[in-house]
Amino acid sequence: MTYLTERSASRRRVWFYPLLRKAGVVTDATATTAGYDAAEEFLDRQSPIQRLQGILHAYPWLSPAVVLVVALIIFSSITSLFAQPGNLGTITQQTAVTATLALGQTLIILTAGIDLSCGAVMVFSSMVMAKMAFDQGVAGLPALFLGIVVGGLAGLINGLLVTRVNLPPFIVTLGTLGIFTSLTLLYATGRTVRNRELADELKWLGKPVLLPGGFTITYGVLVMIALYLVFAYVLRYTAWGTHVYAVGDDPDAARLAGIQVNRVLLSVYATAGVIFGIAGWVLIGRVNAASPNSGIDANLDSITAVVIGGTSLFGGRGRVFGSLIGALIVGVVDNGLSVAGLDEAYKRLAIGTLIIVAVTADQWIRRARA
Amino acid sequence: MTETTTTTTGGGTSTVQPVLEGRGLVKTYGRVVALDGADFALYPGEVLAVIGDNGAGKSTLIKALSGAEIPDTGDMFLDGQPVSFKRPTEARAMGIETVYQTLAVAPALDIATNMYLGREVRKPGPLGSVFRMLDGAGMRKSAKAQMTELGIGTLQNMAQAVETLSGGQRQAVSVARAAAFGSKVIILDEPTAALGVRESAQVLRLIQNLRERGMPVILISHNMPQVFEVADRIHVQRLGKRAAVITPKSVSITDVVAIMTGALQVPAEDQMLGPVR
């Protein structure tokens, strides 16, 4: 017993002790309980691999962060062009749309759902904004607002189908992916709203912001980061955020605890729809046009970002900043390969491998701690 | 019906008023009669075991008492006041907490979050009212206080994910949650069904702790030795009715099984319909 206490006391001086404690790898039990505890003794005998598992379990964004840093180092050493402030700013601009979509996707995946229609909703919203202002003569801001509302309504439809009709989210959004895509094409009559036809308010997010050191980002990047900050707070510090995790983790336990599971799910899909609508605004800023044919792969890109970012497809586990890191990894690999003059095919190879590795890691982390 | 006196104002009677009482509860599912005029009474500070064969209506009885099912007819009383629950949250709001056998905790969430799930506490001041910020530190602190009070010393770190705990510890979290919010009654539905011997012993010790604190407990169990170890009285349910109420001291395990199957009838004078103490 004295041996154990001494050991745990000395261990407390290690800098990463709070990290281990949060991960549940070690506990304070030895210092405070009188009796001998077999469980504590068992926990003390964990192998380094198990400890790693515990840390990754508590901090799911840690491994993607390492991947991002490694990717940055690799591309910087391949070509000096990569690490230029100008290029790094470009990466953030290229990432803004995917990252915004990935935020809404994260909310849905945290509830053990998935949204294949997010790109279609985004493009639909952007077309509504652009055409309302251009064809219907609606002023810029109301048109923008209408577009975001349409995004929210589209999300609400997905949510109603998931909660009221009890269909699997995959099927619901596979269906609405087709529906929203064709609605967009029909509504736009196949025509792109070009740059000079766009209302000024809709182009705000494409405007550059000069940062010290030669970095250039856009207002779209700032909006994206602001959204991440808001939802990181909401998920971490509010009851709604806790309920989102609980519903994804174990819907039965959530229901028994008095949480209205369907109401939470509905609110998640509607909120994600609003985020996808805002992504439509970011998209207009990025491509300087509103085209019904843009954003074809945006849904898969957003899922890729979320999965690489360490959020579990089984729900209840993950952090929004992981998805931001995931989107940045995709952006860095994409940009790095083209700046280095390498074949774009390597991008799909690298990202595809990362997805497999990320999901395998998730399985491993969940299995061993359960 | 010697125990059902809700009018104790008249002096003279030494009868204790039941905390939770059901009279003539009937519940049918189509042509299946699950409850056929069942009576039920739980007295202050006791552990009442509810046993019965499969289909005897014990889970329907418990569901009616915890608000999960609405009885077709019959009356329920909480502290002598007539009550009717449409859903579990209503029963919970009146101080009746239920612990389910299926370890109803969210594995990825930590102990404190699980204990306060669905009843989170917000920070005081504008942080809580405007920014809806939860009082994480406060909840962890009171969760720990609750654990200590129940003698669950092995759980020290309230920020630990529930999935890192053993089955017995997880059930302890459920029980602690019930004890923290259940002001009147705690219902334990097969709390040890999914647990090993050592972990079951932990949960039984918890039940005894609850009784020492004066909290009335309803224990549904199939495990006769456990029932005989912790129960003050045993309610035997049979064919949708209360067949008998006995005490562990008055009847042997073999006889209880005979009562459950209908092989043995217990005369009213040998029953323990009123409180033990």
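Details of the structure are given in the entry above.
Computed from a predicted model, the values in this text were never measured in an experiment.

Asks: Looking at this structure, I do not really get the overall build of chain A. What am I missing?
Replies: Scanning chain A from terminus to terminus reveals 18 helices and 2 strands. Looking at chain A residue by residue over its 370 residues, the buried ones come to 52%. Summarising the internal contacts of chain A: among those between residues at least 6 apart in sequence, 74% fall at separations of at least 24. A total of about 16,300 Å² of accessible surface is found on chain A, and carbon and sulfur atoms cover 67% of it.

Asks: Even after reading the chapter, I still don't get helix H6 (residues 62-78) of chain A, so can you show me in this structure?
Replies: Residues spaced three or four apart along an α-helix face the same direction, because each turn holds 3.6 residues. All names here are of chain A. Taking 1.5 Å as the rise per residue, H6 with 17 residues should run 24 Å; its terminal C-alpha atoms sit 25 Å apart, in good agreement. Listed as buried for H6 are Pro 64, Ala 65, Leu 68, Ala 71 and Phe 75. Buried residues of H6 fall within an arc of 120° about the axis and therefore sit on the same side. Along H6, exposed side chains directed more than 90 degrees from the buried face belong to Val 66, Ile 73 and Ser 77. Buried residues along H6 sit against helix H16 (298-308) and helix H17 (320-339).

Asks: In this structure, what is going on with the sheet that holds strand S8 (residues 217-220) of chain B? I would like to understand it.
Replies: What holds strands together in a sheet is hydrogen bonding between their backbones, with the strands either parallel or antiparallel. Residues and elements named next belong to chain B. Across the sheet, which stays open at both edges, the 6 strands sit in the order S6-S7-S8-S3-S9-S10 with mixed pairing between neighbours. Taken across any chain shown, the strands that pair with only one partner, and hence form the sheet edges, are strand S6 (96-99) and strand S10 (241-246). Sheet twist, expressed as the average angle between the axes of neighbouring strands with direction ignored, equals 20°. The strands touched by helix H7 (residues 197-212) are strand S3 (47-52), strand S7 (185-189) and S8; relative to S8, the strand with the most contacts, the crossing angle is about 155°. Sheet strands touched by helix H9 (residues 253-261): S3, strand S9 (233-238) and S10. Its angle to S9, the strand with the most contacts, is close to 30°.

Asks: Even after reading the chapter, I still don't get the interface of chain B and chain A, so can you show me in this structure?
Replies: As a measure of interface size, the accessible area lost when the parts come together is often cited. With 29 residues of chain B at the contact, the number on the chain A side is 30 residues. On the surface where chain B and chain A come into contact, there are 1 salt bridge. Put simply, Arg317(A) and Glu163(B) hold a salt bridge, and the shortest N to O gap is 2.8 Å. The interface formed by chain B and chain A holds 7 residue pairs in polar contact (both at pLDDT 80 or more) in total. When residues of the side of chain B that touches chain A are traced back to their parent elements, those giving at least two are helix H2 (88-93) and helix H6 (167-181) of chain B.

Asks: Looking at this structure, I do not really get the environment of Ala176(B). What am I missing?
Replies: Residues and elements named next belong to chain B. Locating Ala 176 in the fold gives a position in helix H6. Residue classification places Ala 176 among the buried residues on the basis of a relative accessible area of 0%. The spacing of Ala 176 and Leu 206 is 30 residues in sequence and 8.8 Å in space, taken between C-alpha atoms. Discounting residues that sit within four places of it in the chain, Ala 176 has contacts with Met 115, Gln 146, Met 147, Leu 150 and Ile 152.

Asks: Help me understand the side chain of Glu197(A), please; the structure alone is not making it clear to me.
Replies: Residue and element names in this part refer to chain A. Examined against the element boundaries, Glu 197 turns out to sit in the loop between helix H10 (169-188) and helix H11 (200-203). A distance of 2.9 Å separates the side chain of Glu 197 from the side chain of Arg 191, its partner in a polar contact. Here the side chain of Glu 197 touches Arg 194 through a polar contact of 2.9 Å, landing on its backbone nitrogen.

Asks: What am I meant to see in a nonpolar patch on the surface here?
Replies: Residues and elements named next belong to chain A. Together, Val 66, Val 70, Ile 74, Ile 78, Leu 342, Tyr 346 and Leu 349 make up a nonpolar patch on the protein surface, roughly 650 Å² of accessible area in all. Residue assignment for the nonpolar patch shows that the elements contributing at least two residues are H6 and helix H18 (345-369). In terms of residue count, the dominant contributor to the nonpolar patch is H6 (4 residues). Looking at where Leu 349 falls in the secondary structure, it is placed in helix H18.

Calculation notes
Residues numbered from 1 in each chain as written. Chains lettered and ligands numbered in written order. Predicted model: local features only at pLDDT ≥ 70, side-chain atom pairs only at ≥ 80, totals over all residues. Heavy atoms only, no water. Helix = DSSP H or I, 4+ residues; strand = E, 2+ residues; numbered from the N terminus. Buried < 20%, exposed > 50% of the residue type's maximum accessible area, 1.4 Å probe, protein only. Contact = heavy atoms within 4.5 Å. Areas by Shrake-Rupley, 256 points an atom, 1.4 Å probe, with all protein chains shown as cover. Expected span 1.5 Å × (residues − 1). Arc of directions from axis to C-beta. Pairing = 2+ DSSP bridges. Axes fitted to C-alpha atoms, helices over the stretch in contact; angles between N-to-C directions. Salt bridge = Lys/Arg side-chain N within 4 Å of Asp/Glu carboxyl O. Polar contact = N/O pair within 3.5 Å; in protein donor to acceptor, adjacent residues only side chain to side chain. Patch = residues over 30% accessible without salt bridge, like charges linked within 9 Å, V, L, I, M, F, W, Y side chains within 5 Å.

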